[in-house]
Amino acid sequence: MSASTPAARAARTLVANMRGYRFVADVEIPEVSSMPGSVMAPAMLRVMSAADGTVVASYYQVRPRLARRLQLLLVGLLNLRWLAAPRDFAAGLRMRQCVQFHTEFDDGSALATGNAQASAAITPPPSVERHLFAWGTSTATLLDAHRRRLDAIVASAPCLRPIVVRTLGDLASMQERQNARKAAHRAQVGLVTEAEVQRWCARFPKLAGPVYAEVVKLLAQEAASARR
């Protein structure tokens, strides 16, 4: 992340407002950068750690991939979605700044607090307690909510210990464990559920059925290809 980019400037402001937090790493988000059909532009995650290492703070920007957005707009208009398609296109052009605080415990559970509101449609693994706030919620509010819940969890289970993250190696290990839990959860629910698609398409409920049917079709094709 270049020091002159808007993301870097916003991240420096974030650090300035969070006393004791230290820079850990800038990490690419592969789920966004490597996804061919993604409507989001490639993104970098700036990761910081609390002084005691028990809370990891991450910041990234959600920016649209304009060409993909225009393609979806055209498809929508061709399907006679005269009002819904332009509204969706306009909403997707907004850049959003996302902040998340994360604490992992030594029993494999985790606590996450953030303002990436759109991710509420996708359910986390049962081991993750997640609290999502509206876009634009201040960093101070998010951090206070996370700290208060973290203190309550530790007070109710004194034997539970937060895992300390201070270095890039610590961060990589934590991400590896998180990704394994997410992958196991996705495999258990069949990668995506109909309820998740319905929540994702809440603004356009008539699309939920066709979208889910297409997802099931693609997953079946992938499974068939894997067996060959």
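Residues numbered from 1 in each chain as written. Predicted model: local features only at pLDDT ≥ 70, side-chain atom pairs only at ≥ 80, totals over all residues. Heavy atoms only, no water.

1. Some remarks on the overall build of the protein
The condition that has to hold: Strands are runs of DSSP state E lasting at least two residues, helices are runs of H or I lasting at least four, and both sets are numbered from the N terminus onward. Under the scheme applied here, a residue whose accessible area is under 20% of the maximum for its type counts as buried, over 50% as exposed, and between as partly exposed, the area being computed with a 1.4 Å probe on protein chains only. Between two residues, a contact is recorded if the distance between any of their heavy atoms is within 4.5 Å. Residue-level accessible areas treat just the shown protein chains as cover; the underlying method is Shrake-Rupley with a 1.4 Å probe.
A tally of helices and strands in the protein yields 8 helices and 6 strands. Order of helices (α) and strands (β) in the protein, N terminus to C terminus: α-β-α-β-β-α-α-β-β-β-α-α-α-α. Residues counted as buried form 34% of the 228 residues belonging to the protein. Of all intrachain contacts in the protein linking residues separated by at least 6 positions in sequence, the fraction that spans at least 24 positions is 57%. Here the protein displays about 13,100 Å² of accessible surface, and carbon together with sulfur accounts for 61% of that area.

2. Structural notes on the side chain of Glu104
Applied cut-off: The definition of a polar contact used here is a pair of N or O atoms within 3.5 Å, where within protein one atom must be able to donate a hydrogen and the other to accept one, and adjacent residues in sequence count solely through side-chain atom pairs.
Along the chain, the position of Glu104 falls in strand S4 (residues 96-104). Looking at Glu104, its side chain comes within polar contact range of the side chain of Arg177, at 2.8 Å. A polar side-chain atom of Glu104 sits 2.9 Å from a polar atom in the side chain of Arg181. In this structure Glu104 touches Ser109, Ala110, Arg161, Pro162, Ile163, Met174, Arg177 and Arg181, once residues within four positions along its chain are discounted.

3. A word on helix H6 (residues 168-189)
Spelled out, the test is: Expected span, for any helix, means 1.5 Å times one less than how many residues it has. Taking the helix axis as origin, the arc is that swept by the directions to the C-beta atoms.
The end-to-end C-alpha separation of H6 is 31 Å, in line with the 32 Å expected for 22 residues at 1.5 Å each. Taken together, the buried positions of H6 are Leu171, Met174, Gln178, His185 and Arg186. Projected down its long axis, H6 carries its buried residues within an arc of 105°, all on one side. Every exposed residue of H6 that faces more than 90 degrees away from the buried side is listed here: Glu176, Ala187 and Gln188. A positive backbone phi angle near 85° is found at Gly190, which sits one or two residues after H6.

4. Observations concerning helix H5 (residues 139-156)
The end-to-end C-alpha separation of H5 is 26 Å, in line with the 26 Å expected for 18 residues at 1.5 Å each. Elements in contact with the buried residues of H5: S4, strand S5 (110-114) and strand S6 (128-132).

5. Thoughts on the side chain of Ser49
In this structure, Ser49 sits in strand S2 (residues 44-49). Relative accessible area serves as the criterion here: at 2%, Ser49 is assigned to the buried category. Reaching out from Ser49, the side chain makes a polar contact with the backbone oxygen of Val165 at a distance of 2.4 Å. Contact partners of Ser49, with chain neighbours within four places excluded, come to Gly20, Tyr21, Arg22, Val24, Val55, Val165 and Arg166.

6. Quick notes on the pattern of salt bridges
Opposite charge on two side chains permits pairing when their charged atoms draw close. Definition in use: One speaks of a salt bridge when a side-chain nitrogen belonging to Lys or Arg is within 4 Å of a carboxyl oxygen belonging to Asp or Glu.
In this structure the tally under the stated criterion is 6 salt bridges. Two residues, Glu104 and Arg177, come together in a salt bridge whose shortest N-O distance is 2.8 Å. Within this pair, whereas Glu104 is found in strand S4, its partner Arg177 is found in helix H6, the two being separated by 73 residues in sequence. Its relative accessible area of 28% is what places Arg177 among the partly exposed residues. In this structure, Asp144 and Arg148 form a salt bridge, with 2.9 Å as the shortest nitrogen-oxygen distance. Residue Asp144 and its partner Arg148 are both found in helix H5; the two are separated by 4 residues, about one turn of the helix. What emerges from the salt-bridge pattern is a single network uniting Glu104, Arg177 and Arg181.

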